[in-house]
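Spelled out from the first residue to the last, the chains are:
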Amino acid sequence: MIEEDGAIFQIFWSIWKARNVFVFRGKIPIPEEVIEQASRGNSDYLSAVLSKNPMVPRGVSQVERWVSPPPSSLNCDGAHNSSCSLVAFGVVVRDHSGSAQVWRYGQVKVSSALAIEAWALRIACGLAMEYNFPSVILESDCKILIEMISGSSSLGCWEIQAIVEDIKSWARDRQWPFVCGNRSKNKAAHWIATSCLDRKITSSTGCIPPELDSILRKDSR
């Protein structure tokens, strides 16, 4: 039953994604590619659900503080204001010394904390591809999201399924490792997200704000 349900879902999902690509990009879908995508997705699904010995996937680890990686670390976080239903994301790219190379922020319309965390990680992936970093580590403090991407969680969430599939596809091609960091040690990305909500920052170009620079310096000690 699990095998059949998973296959049906993946077929529907592949058709839906192919339809969106056609509508928004004008690319005519190739049936063989749609079927292959569904087959690959179903294999990943079954590997996670039917595993008799759940384990921490390769490339995923729990860290208590930011650790200097070689050569670039992308930290991301989301923030929301429940009083006005605003949500924002923050992303910072750090080199091996802890210095900020690139940082981004923005607001999106989503309805859950998990969705904004997913958006933040998607933006981080986009930066990694935009700047073509030779080697990166992507870090989020949302454990559930990291587990969904790595395949160690069978939890389904329609709201972020498309985002998760995008991230998994990009990571599969580039062999990106994902790290689940402690929330208290993801202060740089969190500051960017909350400052976006509070309108404390107006640009992600030019000089780094003193508050963000102070957080980065403390983290890299």
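A short tour of the structure in this document, coming up.

1. Overview of the pattern of salt bridges
Thought 1: Following the criterion strictly, the structure yields three salt bridges and no others.
Thought 2: We note a salt bridge from Asp166 to Lys17, for which the minimum N-O separation is 3.4 Å. Of the two residues, Asp166 is situated in helix α5 (residues 161-174) and Lys17 in helix α1 (residues 2-25); the sequence distance between them amounts to 149 residues.
Thought 3: Looking at Lys17, the relative accessible area reads 18%, which means it is buried.
Thought 4: The closest approach of N and O atoms between Asp166 and Arg122, which form a salt bridge, is 3.1 Å.

2. Some points on the packing of aromatic side chains
Thought 1: Using the criterion set out here, one finds two aromatic pairs in the structure.
Thought 2: For the ring pair Tyr131 and Phe133, a centre distance of 5.8 Å and an interplane angle of 15 degrees mean the geometry is stacked.
Thought 3: Of the residues examined, Phe133 reaches a relative accessible area of 16% and is grouped as buried.

3. Structural notes on helix α4 (residues 143-150)
Thought 1: Looking at α4, one finds that the buried residues are Leu145, Ile146, Met148 and Ile149. The buried residues of α4 occupy an angular sector of 160 degrees when the element is viewed end-on, so they sit on one face.
Thought 2: On the buried face of α4, the contacting elements are α3 (113-130), β5 (136-140), α5 and β6 (178-181).
Thought 3: Positive phi appears at Gly151, one or two residues downstream of α4, with a value of about 95 degrees.

4. A word on the state of the cysteines
Disulfide: a covalent bond connecting the sulfur atoms of a pair of cysteines.
Thought 1: Summed over the entire model, instances satisfying the criterion amount to zero disulfides.
Thought 2: The thiol of Cys76 is not disulfide-bonded; the next cysteine sulfur, from Cys125, is found 7.8 Å away.
Thought 3: Using a relative accessible area of 0% as the deciding quantity, one classes Cys76 as buried.
Thought 4: Its sulfur unpaired, Cys180 is 7.7 Å from the next cysteine sulfur, which belongs to Cys142.

5. Observations regarding the packing of α3 against α4
Angle between the axes and distance between the axes are the two parameters that describe a pair of packed helices.
Thought 1: At their nearest, the axes of α3 and α4 sit 10 Å apart, and the two run at 60 degrees to each other. For the element pair α3 / α4, the angle class is oblique. Crossing geometry of α3 relative to α4 is assigned as right-handed. Touching Leu114, Glu117, Ala118 and Leu121 of α3 are Leu145, Ile146, Met148 and Ile149, all from α4.

6. Let's talk about the packing of α4 against α5
Thought 1: One way to put it is that α4 packs onto α5 with a least axis distance of 9 Å and a crossing angle of 60 degrees. One element, α4, and the other, α5, form an angle in the oblique class. The handedness of the crossing between α4 and α5 comes out as right-handed. Packed against α4, whose contacting residues are Leu145, Met148 and Ile149, the element α5 presents Val164, Ile167 and Lys168 at the interface.
Thought 2: Classifying every residue of the contact of α4 with α5 by side-chain character gives five nonpolar, no polar and one charged.

7. Overview of the nonpolar core
Thought 1: With 36 residues, the main nonpolar core has Leu74, Leu121, Leu138, Leu145, Ile160, Trp176 and Phe178 as its most contacted residues.
Thought 2: Breaking this core down by element, the ones donating at least two residues are β2 (72-81), β3 (86-94), α3, β5, α4, α5 and β6.
Thought 3: If one sorts the elements of this core by residue count, α3 sits on top with ten residues.
Thought 4: Setting aside chain neighbours within four positions, we find Leu145 in contact with Leu114, Glu117, Ala118, Leu121, Ser140, Ile160 and Val164.
Thought 5: In terms of nonpolar packing, the next biggest core, distinct from the first, is built from ten residues, Ala188, Ala189, Ile192 and Ile201 among them.

Scoring rules and cut-offs
Residues numbered from 1 in each chain as written. Predicted model: local features only at pLDDT ≥ 70, side-chain atom pairs only at ≥ 80, totals over all residues. Heavy atoms only, no water. Salt bridge = Lys/Arg side-chain N within 4 Å of Asp/Glu carboxyl O. Helix = DSSP H or I, 4+ residues; strand = E, 2+ residues; numbered from the N terminus. Buried < 20%, exposed > 50% of the residue type's maximum accessible area, 1.4 Å probe, protein only. Phe/Tyr/Trp six-rings, centres within 6.5 Å; stacked < 30°, edge-to-face > 60°. Arc of directions from axis to C-beta. Contact = heavy atoms within 4.5 Å. Disulfide = S-S within 2.5 Å. Axes fitted to C-alpha atoms, helices over the stretch in contact; angles between N-to-C directions. Parallel < 35°, antiparallel > 145°, perpendicular 65-115°, else oblique. Left-handed = near helix turned anticlockwise from the far one by under 90°. Nonpolar A, V, L, I, M, F, W, Y, C, P; charged D, E, K, R; others polar. Core = buried A, V, L, I, M, F, W, Y, C linked by side-chain atoms within 4.5 Å.

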